[in-house]
Each structure stands twice: as C-alpha cells, then as structure tokens.
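# Observations on chain architecture
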Amino acid sequence: MNLALKYRPKTFSDVVNQKHVVVTLQNALKTLNIGNAYMLTGPRGIGKTTLARLFAKGLNCEKGVTEDPCGVCENCREIDESRNVDVLEIDGASNRGIDQIRELRENVRFTPLKGRYKVIIIDEVHMLTTEAFNALLKTLEEPPKNVVFIFATTEPNKVLDTVKSRTLRFDLRPLEKHHIIERLKKIANLENIGYESDDVLDLIAEASTGGLRDAISLLEQAYIYSQGTITLEKAKELTGILPQEIYYEILSLILEKNSKEIVEIIEKVVAYGYSLEDFHKSFVRAAESLLKAHYRIENNLFSPLASKFTEYQILFLLRVLKDMELDLKGLSNPKIFVDFHLLRLSKIESELELLPTVNFINSSTPQLNNNNGSQKIARGLSEASQLESNTANGESNSKDIRQYMIEKLKLKEDGDGPF
Ligand SMILES: Nc1ncnc2c1ncn2[C@@H]1O[C@H](COP(=O)(O)OP(=O)(O)OP(=O)(O)O)[C@@H](O)[C@H]1O
Ligand SMILES: [Mg+2]
Ligand SMILES: [Zn+2]
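So, a few notes on the structure that sits alongside this text.

Reading guide: rules and limits
- Residues numbered from 1 in each chain as written.
- Chains lettered and ligands numbered in written order.
- Predicted model: local features only at pLDDT ≥ 70, side-chain atom pairs only at ≥ 80, totals over all residues.
- Heavy atoms only, no water.
- Near = heavy atom within 4 Å.
- Polar contact = N/O pair within 3.5 Å; in protein donor to acceptor, adjacent residues only side chain to side chain.
- Areas by Shrake-Rupley, 256 points an atom, 1.4 Å probe, with all protein chains shown as cover.
- Helix = DSSP H or I, 4+ residues; strand = E, 2+ residues; numbered from the N terminus.
- Domains from an automatic or database assignment.
- Buried < 20%, exposed > 50% of the residue type's maximum accessible area, 1.4 Å probe, protein only.
- Pairing = 2+ DSSP bridges.
- Donors = N, O, S within 2.8 Å, 3.2 Å for Na, K, Ca; no water.
- Tetrahedral: all angles 85-135°; square planar, octahedral: opposite > 155°, others 65-115°.
- Axes fitted to C-alpha atoms, helices over the stretch in contact; angles between N-to-C directions.
- Parallel < 35°, antiparallel > 145°, perpendicular 65-115°, else oblique.
- Left-handed = near helix turned anticlockwise from the far one by under 90°.
- Contact = heavy atoms within 4.5 Å.
- Nonpolar A, V, L, I, M, F, W, Y, C, P; charged D, E, K, R; others polar.
- Salt bridge = Lys/Arg side-chain N within 4 Å of Asp/Glu carboxyl O.

Next up on the list: the site of ligand 1. In the vicinity of ligand 1, 18 residues are found, and the nearest of them are Ala-4, Gly-45, Lys-48, Thr-49 and Thr-50. Between Gly-45 and ligand 1, the recorded distance is 2.8 Å, taken from a backbone N or O atom to an oxygen atom. Separating an oxygen atom of ligand 1 from a side-chain N or O atom of Lys-48 is a distance of 2.7 Å. For ligand 1, whose unbound accessible area comes to 630 Å², protein coverage reaches 96%. Contributions of two or more residues to the shell around ligand 1 are made by helix 3 (48-60) and helix 10 (212-226). Split by domain, the shell around ligand 1 shows at least three residues from each of two domains, domain 1 (3-171) and domain 2 (177-239).

Before going further, it helps to examine the pairing of strand 1 (residues 37-41). Counting buried positions over the 5 residues of strand 1 gives 5, a clear majority of the element. Note that strand 1 and strand 4 (residues 147-153) share 5 bridges and pair parallel. Within the sheet, the bridge partner assigned to Thr-41 lies in strand 4 and is Thr-153. Bridge analysis of strand 1 against strand 5 (residues 168-171) gives 4 bridges, and the strand direction is parallel. In the strand pairing of strand 5, Tyr-38 is matched with Leu-168.

The next subject is unusual backbone geometry. Of note in the backbone geometry, Glu-124 takes a positive phi value of approximately 45° without being a glycine. With respect to the secondary-structure elements, Glu-124 resides in the loop between strand 3 (118-123) and helix 6 (130-141). For Lys-257, which is not glycine, the phi torsion reads 55° and is therefore positive. Judged by relative accessible area, Lys-257 falls into the partly exposed class, the value being 36%.

Turning to the coordination of the zinc ion (ligand 3), a few remarks are in order. Put simply, the ideal angle at a metal is 109.5 degrees for four donors in tetrahedral geometry and 90 or 180 degrees for six donors in octahedral geometry. The protein atoms that coordinate the zinc ion (ligand 3) are Cys-61 (SG), Cys-70 (SG), Cys-73 (SG) and Cys-76 (SG), at distances of 2.3 to 2.4 Å. Considering all 4 donor atoms around the zinc ion (ligand 3), the spread of angles at the metal, 103 to 119°, places the coordination shape in the tetrahedral class. Mapping the donors of the zinc ion (ligand 3) onto the primary sequence gives the spacing C-x8-C-x2-C-x2-C. Note on Cys-70: relative accessible area 29%, which makes it partly exposed.

The interhelical angle for the contact between helix 10 and helix 11 (residues 232-239), taken along N-to-C directions, is 125°, at an axis separation of 10 Å. Looking at the two axes, helix 10 sits oblique to helix 11. For the element pair helix 10 and helix 11, the recorded crossing hand is right-handed. The residues of helix 11 that touch helix 10, namely those facing Leu-218, Gln-221, Ala-222, Tyr-225 and Ser-226, are Lys-234, Glu-237, Leu-238 and Thr-239. For the contact of helix 10 with helix 11, the class distribution of residues is 4 nonpolar, 3 polar and 2 charged.

Now for the pairing of strand 4. Of all 7 residues in strand 4, 7 are buried; the element is thus mostly enclosed. Residues Val-147, Phe-149, Phe-151 and Thr-153 of strand 4 are buried on one face, and the alternating residues Val-148, Ile-150 and Ala-152, pointing to the opposite face, are buried as well. Direction of pairing for strand 3 relative to strand 4: parallel, over a ladder of 5 bridges. Bridge pairing links Ile-121 to Ile-150 in strand 4.

This part covers the packing of helix 8 (residues 177-190) against helix 9 (residues 198-207). Orientation of helix 8 relative to helix 9, taken along the N-to-C sense of each, is 125°, at an axis distance of 9 Å. Between helix 8 and helix 9, the interaxial angle falls into the category oblique. Crossing hand, helix 8 versus helix 9: right-handed. Contacts between helix 8 and helix 9 pair Lys-177, Ile-180, Ile-181, Leu-184 and Lys-185 from the former with Asp-198, Leu-201, Asp-202, Ile-204, Ala-205 and Glu-206 from the latter. Of the residues belonging to the contact of helix 8 with helix 9, the class tally is 6 nonpolar, no polar and 5 charged.

Moving on, we get to the pattern of salt bridges. With the rule as written, the count across this model stands at 27 salt bridges. Across the salt bridge formed by Lys-6 and Glu-191, the nearest N and O atoms sit 2.5 Å from each other. Separated by 185 residues along the polypeptide, Lys-6 in helix 1 (residues 3-6) and Glu-191 in the loop between helix 8 and helix 9 bring together distant segments of the chain. Judged by relative accessible area, Lys-6 falls into the partly exposed class, the value being 40%. Owing to a relative accessible area of 22%, Glu-191 belongs among the partly exposed residues under this scheme. For Arg-109, the salt bridge goes to Glu-106, with nearest N and O atoms at 2.9 Å. You can call Arg-109 exposed: its relative accessible area is 57%. Salt bridges sharing common partners tie together Glu-74, Glu-78, Glu-81, Arg-83 and Lys-114.

Turning our attention to the sheet that holds strand 4. Here we have 5 strands laid out as an open sheet, ordered 2-3-4-1-5, and parallel in their pairing. Both edges of this open sheet fall to strand 2 (87-91) and strand 5, since each of them pairs with a single strand only. Across the sheet, the mean angle separating the axes of adjacent strands is 15° when strand polarity is ignored. Lying on the sheet, helix 6 is in contact with strand 1, strand 3 and strand 4; it crosses strand 4 at an angle near 140°.

This is the structure:
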C-alpha cells in the first residue's frame, strides 16, 4: 500500500502548512478571480501536485466554482484519481518536445467536456526543451478562454523568464519537523502502525528533510522492516541517521583538541556500517543545531556546548563540512580525507586559521588584516583558500589536496601557523 498516495489531502483544509498558497488559491476561487497560469515551485513531496489538483477540483466541482470542493462528486473523484477528461496531467520530463506541446495547443482549443475549465498541469515544467517552451509561450500570450495552466517545478531557475513572467508564482516551503511529526502521528494512528516512542517519528521526520512524501514513505518502510511495532533501532538502521550524541562527543573532542579519539570515533562509525555520506549528512544537521543553539534560536542537545564555540569556530566548522562534502564525491578513498578534515577542526589554534572562512563568507575582518606579524600567514592561508576554491569548482584532485596539506604544514615549519 502506498500510504503517501492514500493520504494525499482531498480538501484544502487537510493540506499541511503552505498556508500562504492555500489562502491565495482559495481566495481566487471564492472571488472568481481565476488566472490563466500558475506556477508552484519547491522541493519534492511538499504539496505541489496536491495543490494543483485541489485547485482543479475547486474549478470543476459540480457544486460550482468553490474554495471548498466537495470531494465526492464525479468530477472531484475523477480528478483525485487523475482520470478526468478536462484535467490533463503532463509529465514535463517525458513529454519534453515541441510535438507534445503542439498537441497540447490543439487540445486546449476545444471547450471543456464535463467541467467549466480545462486545467493543464505540467509537472517538472523546467524539463521542456527551449522549442517546447517557446510554443508554450505562444499559448500563454493568447490564452484560450476557460483554460488554466498550472506548472509545477522543483527547479524554477531553469524555467524561461518569459514563461515565468506570465504566471502567478507560488513558492512552497519545505515542511517543518513538527508539522511532519504531527502528520505521521495521524497516519500511524489511522493505519494502526505502532512505534516504540515519539523518537521514532522524530528520526523519520529528521531524515526526510522537509519532504512529507519521503517522510510517509519512510514510515511505511520502517513498518514493513520492523514487522510490527517500529523500534528506534530499526528506524535508525533504515534512515542511516547517526545519533546526534555522536556529534556531541566529536564536538566536545574538538574543543579538547583530542585528535586521537576523533579518529577512533570515525573508525567506529565506519565499522558500524554507516556510510561516510550518512556521517557527513548527520554532521551537517548537528552543525545546524549547534549554530541555532549558539544564537539561542533554539534550545537543543548542543546548547551546553554552543557557548563554548566562538562564532568563527562555528563558521570554520561549516566550511570544513562543505570541504568534506566535496571530497566525499570526488575521491576514491574519501575516509582519509574525512579524518583530515576532522583533524583540521581539532587544530583550530588561532583565529587566523579562519581567514579562508572569512573569505568564504565574503566579509572582512580588518582587525586581523592590520596585524602586520600575521600577514605572511594570512597570505599563505589565502593561497590555501584559493586551492580550496579550486576544489569547490570541481577542478581539484587528490594532488591539489595534498598540495593544500603541504601548504598548511609549511606554515607549521615556519613556526607560526595554525597546525
Ligand atoms: N503539504 C502537504 N500536506 C499534506 N500532505 C502532503 C503535503 N505535501 C506532500 N504531502 C504528501 O506527500 C504526497 C506527495 O505530495 P505531492 O505529490 O503534492 O508532492 P509534490 O510537491 O508534487 O512532489 P514532486 O515534486 O515530487 O512532484 C501526497 O500524496 C501527500 O501524502
Ligand atoms: Mg508533483
Ligand atoms: Zn465536487
């Protein structure tokens, strides 16, 4: 059973969050102020198709145009099951070409058969070829009466500006964790899915990074995997999320500059079967929590550590995590570089180490630059930073990184570097 599909909201009020879009679409329906083309943007599984269908139902419900479609009339049901003759759902990824769009243009010339409007939903509209876009543009310039286009895309920046400017655009937001947990709770109750504790749902919500479809699918997988009540253990295995406590320990070791134990932890993580990508992904989450705790945006596991980290150290941590991500993609033996990056973290001796970070965030720290004695190191570091940005551009190979390490070690030989 596909629970994500089963629990697609059938009414506007059932949509989780996305209030700004829901209210505007409902107002349009209420006041009969219907535009010709809408664009819904945002990451995967947060309600784009759901809202497009709800709007189509609002236009074609047998009750009349309504902000509260009945959900039970023939039109509503057919739209829910995507088999209504007046509501076309086109996958832009597999119908990319000019021929398909021409066909579509022919199609929209005919009046709706059963409803009041023809609604054309084009999913992943950014995948259309330029020719297809141009053909589409002609239709948008002289929109036939009673035709509403709804474009959905995860990558709005790839949609031609000329198309964008002819649509009313709504940016959907990733859902917050507590919204996801609430929804999972509701679905688990209705489906009689048991779970060991709320931590299970917390973990699943964490792993789905704001996408509700992924969260519901994970819940379903975890249920099948656990063959009964979902245990935290099984949920952890499935999500590949490392317990945040590990990062608490790593961050504490960084403060203590205890390199040896940091390397040992990584050994354990790998031995336990986690991938380095999982390790990195969860580390990024931990860093985000540390940052929020540091600025007292939220109180979390990392709060006791947060005040011990300086703002610069946190920025440096983020920088190192970014470097680590690139290395994980490009190298055949990334583990040694994960060690390397973590060692960098445990060697933050002076704020000068942070100059590349400062470059990275494009701000200046004049008090550091004015320090004459440090200028040599600053230059060395800015060269190192250049090497780092080569890495960021994907031009790097392990040779560059070795070079980068040598560069840093040279500073040590000079006796005043951070390593
Ligand atoms: N805002 C939401 N409220 C309630 N359920 C949602 C929401 N967003 C997603 N879902 C759940 O996830 C499923 C998929 O949502 P939907 O098809 O609307 O995502 P999408 O944004 O179109 O994703 P994609 O970019 O992959 O097409 C729905 O069937 C529903 O179960
Ligand atoms: Mg969709
Ligand atoms: Zn209806």
